[in-house]
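# Overview (structure and organization)
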Amino acid sequence: AESKSPRHGGEAVAEVLLAHGVKYVFTLVGGHISPILVACEKLGIRIVDTRHEATAVFAADAVARLSGTVGVAAVTAGPGLTNTVTAVKNAQMAESPLLLIGGAAATLLQGRGALQDIDQLSLFRPLCKFCASVRTVREIVPVLRKALAAAQSGTPGPVFVEFPIDTLYPYHIVEKEVAPKTAPKGLMGKVINWYLQNHLRNIFAGAWETRELSPLPVQIPLATQQQVQQCVELVSRAKKPVILLGSQATLPPTPVDKTRAALESLGIPCFLGGMARGMLGRESALHIRQNRREALKEADLVILAGTVCDFRLGYGQVLSRRSKVIAVNRDRSQLMKNSDMFWKPTIAVQGDAGSFLLCLSEGLKGYRCPQDWPESLKEGDKAKEKANAAKAAEKTERHLNPLRVLHCVEEIMSEDSIIVADGGDFVGSAAYILKPRGPLRWLDPGAFGTLGVGGGFALGAKLCRPESEVWIIYGDGSLGYSVAEFDTFTRHKTPVIALVGNDACWSQISREQVPMLGSNVACGLAFTDYHVVADGYGGKGYLISREDGEKLDEILQSAREQSRQGRATLLNVLIGKTNFREGSISV
C-alpha cells in the first residue's frame, strides 16, 4: 500500500510542527527540503524565506525567545547547513529552544560522494542538545516529537534533525531514483536489484500508520521547597540585597508579567541583563542601570537569577567575599562557573529562575526591602545619566553626536517597541540610552556576542508582534552581514526600522588597536550610501548628516510613518567620534 500512496515524508514533518503550535518555518530553499516546505504551507504554517541561512536561524531564535515556543528553521544539505553553524552556536549560548531541520543525501548514497554530502551530525553534535538522522519515513514523527521536547527541557537549546532526501519524497519518485537505469545482468545484478528494492520497501514500511503527534512532556528543573525556605530566611535578614536577572528569567513556564509582579512585590533593586532587559518597564524605581560594580561591593546579599559568573561578571571577581550569594540556574555548569576560583555560592539552586522568584515572593509576603537602599542606588543612576546627557549635547568634530541621535530615538520610540541590538560601539552606547518599554522588548545576541543577528532577529520579532515597532540598532560594520534582508522585509511585508550609526569604522576595535598597536589597519570603512541599498531592495532609505541635525525628530517621525504604511526603513546616520565608553552590551 505504501508503494501506491502519493503521500510523502514532508507531510509527516508538517503535521508534527502544526501539532506543536509552530506558526513559522524560516528557510532558504533547496531541493533536499522542498517537500517539507510545500507540506507546511498547505497546512497553514507560514514559510518565510531569507537571503542567508544564518538569518533563517536567527529569525527562528527570535521567535523562540518572544513566543515561548520552539523556533524552526529548515535548510538544505551541505553548505546550507554549514552556513548556519554560527547562528546555531549563538542559540546554544543564548539558551534558545530551536529546531534546525536539514536536508541530506539519500540514505544509500551517504559517504559515496553524492552532491553536498558531508558528515553533518559530527558538525552539530557539539552545538545541539539532540541530533538525529531519520532513516525511514515511519521514524519522522517520533524523532521530531523527541527533538522538540529536548529543545525545551532542562536548559533550552538547539536540536538538529537531518532528513535524507529519500525519506521526504513520494515512493514513486524515490523508486525512479533507486531503480537501475538498465535491467540488471547476471547474478550480481539481480542481487543488487533485490537489495535496492528491499532498501526502498524498508524506507516506506509502515509509513502511513496513525501516530500520536501531540507534544511530549517538557522537563523543567525547579527549586525544592527547602531551598526556597533557606533563601527566604537569607533575604528576610538582608539589609542591602541585590538581584541580577539574566535571560533565563524570561523562559516559560512563568509568564514574564508574573515574574515582574514578583520582583515589584519584593522591592529589591535589580540589575537586568540579556533578555531580562525591560523586565521592569521603562522607568522603575527598582531598576538600577549604572554603577553595578560599586553596588555589588556594598550588597550584603546577591541573588544571581539566571546570571552567570563569566566575563560579564568578571568571572565572579566583582562579587564581594562578604556578600551572601544565592545562585539560580537551570544548567549545572553555568550555575557553578568559576566558583572554584573567584566566588562561592551560599546556596546554589539548579532550577528555573522565573519559578524561583515567584516562590520567593510568595514566601516573603509582607516583606519589603529597606527603602533607603534602592533609593541611594537610584541617586547614583541619576547622576551618571545626567553626565551622559551632557555628553550628548557636545559637538563632535564632524557629523552628528551619536549620543544625541540615540537620545532622540529614546524620546520618540513608541511604547510597544522592540529593540534589536546588532553592533559594537554604537550599540554599546545604545544599551545605556535606549530603555526597553517592557518585558521581552529587547533582543541582543547574548553571551556569544555574534554580529549579524539584526536582520533575522527583527524579522522574527516583527512576525511575532506585527503591531509593534521593531527597531534594529546597527553599527555600520554589523549592517554588512544582513542588509540584504531588506529584500526579505519587503517581500514578507515586515516593515522594520533600521538605525545605522555610520562612523565609517569598526570603532570598538579601533579604539584599542590604535593606542595599543599604533595602526588602524582593517578597521576603516567608508561612509557608504546604505540608504540607497535599502531603496534598491524596496525599502525606504534616509541619509542623515550634520546639516539635518535640526530636523532629526522630523526625519525619525517620517521613518516611523513609512513603517506604519508597510515599508521597511533604513536611517543612515553619519556620526562622529565621542569618548563615551560603557562596557559590553551583553552585560
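Criteria and thresholds
- Residues numbered from 1 in each chain as written.
- Predicted model: local features only at pLDDT ≥ 70, side-chain atom pairs only at ≥ 80, totals over all residues.
- Heavy atoms only, no water.
- Pairing = 2+ DSSP bridges.
- Helix = DSSP H or I, 4+ residues; strand = E, 2+ residues; numbered from the N terminus.
- Contact = heavy atoms within 4.5 Å.
- Axes fitted to C-alpha atoms, helices over the stretch in contact; angles between N-to-C directions.
- Buried < 20%, exposed > 50% of the residue type's maximum accessible area, 1.4 Å probe, protein only.
- Polar contact = N/O pair within 3.5 Å; in protein donor to acceptor, adjacent residues only side chain to side chain.
- 1 Å grid on protein atoms, 1.4 Å probe; cavity = no way out; pocket = protein on both sides within 12 Å on 5 of 7 lines; lining within 4 Å.
- Points joined across faces, edges and corners; volume = space filled by probe spheres on them.
- UniProt positions renumbered as here; feature names shortened; annotations may be inferred.

In spatial order, the strands read β13-β12-β14-β15-β17-β16; together these six strands make up an open sheet with parallel pairing. For this open sheet the edge positions go to β13 (442-443) and β16 (540-544), each flanked by a neighbour on one side alone. For strand β14 (residues 470-475) and strand β15 (residues 497-502), the ladder comprises five bridges, and the chain directions are parallel. Looking at the pairing, Ile472 lines up with Ala498 of β15. Running over the sheet, helix α17 (residues 425-433) touches β12 (418-422), β13, β14 and β15 and is turned about 135° from β14. Taken strand by strand, helix α18 (residues 454-464) contacts β12, β13 and β14, and its axis lies near 175° from that of β14.

On to helix α16 (residues 402-412). Counting buried residues in α16 gives eight out of 11 residues, a clear majority hidden from the surface. Pro402, Leu403, Val405, Leu406, Cys408, Val409, Glu410 and Ile412 are the residues of α16 that are buried. The inward-facing, buried residues of α16 abut α15 (372-393), α17, β14, β15, α23 (552-564) and β17 (569-574). N-cap assignment for α16: the residue whose side-chain oxygen lies 2.8 Å from the backbone N of Leu403 is Asn401.

So, on to empty space enclosed by the protein. Inspection of every chain in the model, using the stated rule, returns two cavities of 30 Å³ or more. For the largest cavity, the calculated volume is near 340 Å³. Lining the largest cavity are 28 residues, and of these Gly246, Ser247, Gly306, Thr307 and Arg312 sit closest to its centre. Going through the elements one at a time, α5 (85-94), β7 (241-245) and β8 (270-272) are the ones with two or more residues in the lining of the largest cavity.

Among the structural elements, Gln513 can be located in helix α21 (residues 507-517). Polar contacts involving the side chain of Gln513 include one to the main-chain carbonyl oxygen of Ser519, which spans 3.0 Å. Separated by 3.0 Å, the side chain of Gln513 and the backbone oxygen of Val521 make a polar contact. Contact partners of Gln513, with chain neighbours within four places excluded, come to Gly518, Ser519, Asn520, Val521 and Cys523.

Annotation from UniProt places "domain: Thiamine pyrophosphate enzyme N-terminal TPP-binding" (unreviewed entry) at residues 8-123. In this annotation, residues 8-123 is assigned 46% helix and 18% strand; the end-to-end C-alpha distance for the span is 27 Å.

Burial of strand β3 (residues 71-75) is extensive: five of the five residues sit out of reach of the surface. Burial along β3 is two-sided: the face carrying Gly71, Ala73 and Val75 and the face carrying Val72 and Ala74 are both buried. Two strands pair when backbone bridges link them, and strand β1 (residues 24-28) and β3 are joined in this way by three bridges, in the parallel orientation. The residue bridging Thr27 from the neighbouring strand is Ala74, located in β3. Two strands pair when backbone bridges link them, and β3 and strand β4 (residues 98-104) are joined in this way by five bridges, in the parallel orientation. Across the sheet, Val72 pairs through a bridge with Leu99, a residue of β4.

All right, on to the environment of Lys4 then. With respect to the helices, strands and loops of the structure, Lys4 is situated in the segment before α1 (9-19). A relative accessible area of 72% means that Lys4 is categorised as exposed.

As summarised here, the arrangement of the five strands in space is β8-β7-β9-β10-β11, forming an open sheet in which the pairing is parallel. The sheet terminates laterally at β8 and β11 (347-350), the two strands that pair on one side only. When the angles between neighbouring strand axes are averaged without regard to direction, this sheet yields 10°. Of the pairings in the sheet, the one linking β7 to strand β9 (residues 301-305) comprises five bridges and is parallel in character. Its bridge partner lying in β9, Pro241 is registered against Leu301.

Between Pro252 and Pro253 the backbone carries a cis peptide bond, its omega angle lying at 15°. With respect to the helices, strands and loops of the structure, Pro253 is situated in the loop between β7 and α11 (256-266). Positive phi outside glycine occurs at His399, with the angle close to 60°. Looking at the element boundaries, His399 is found in the loop between α15 and α16. Of the residues examined, His399 reaches a relative accessible area of 17% and is grouped as buried. If you check the backbone angles, Ala504 has positive phi at about 55° while not being a glycine. Within the secondary structure, Ala504 is located in the loop between β15 and α21.

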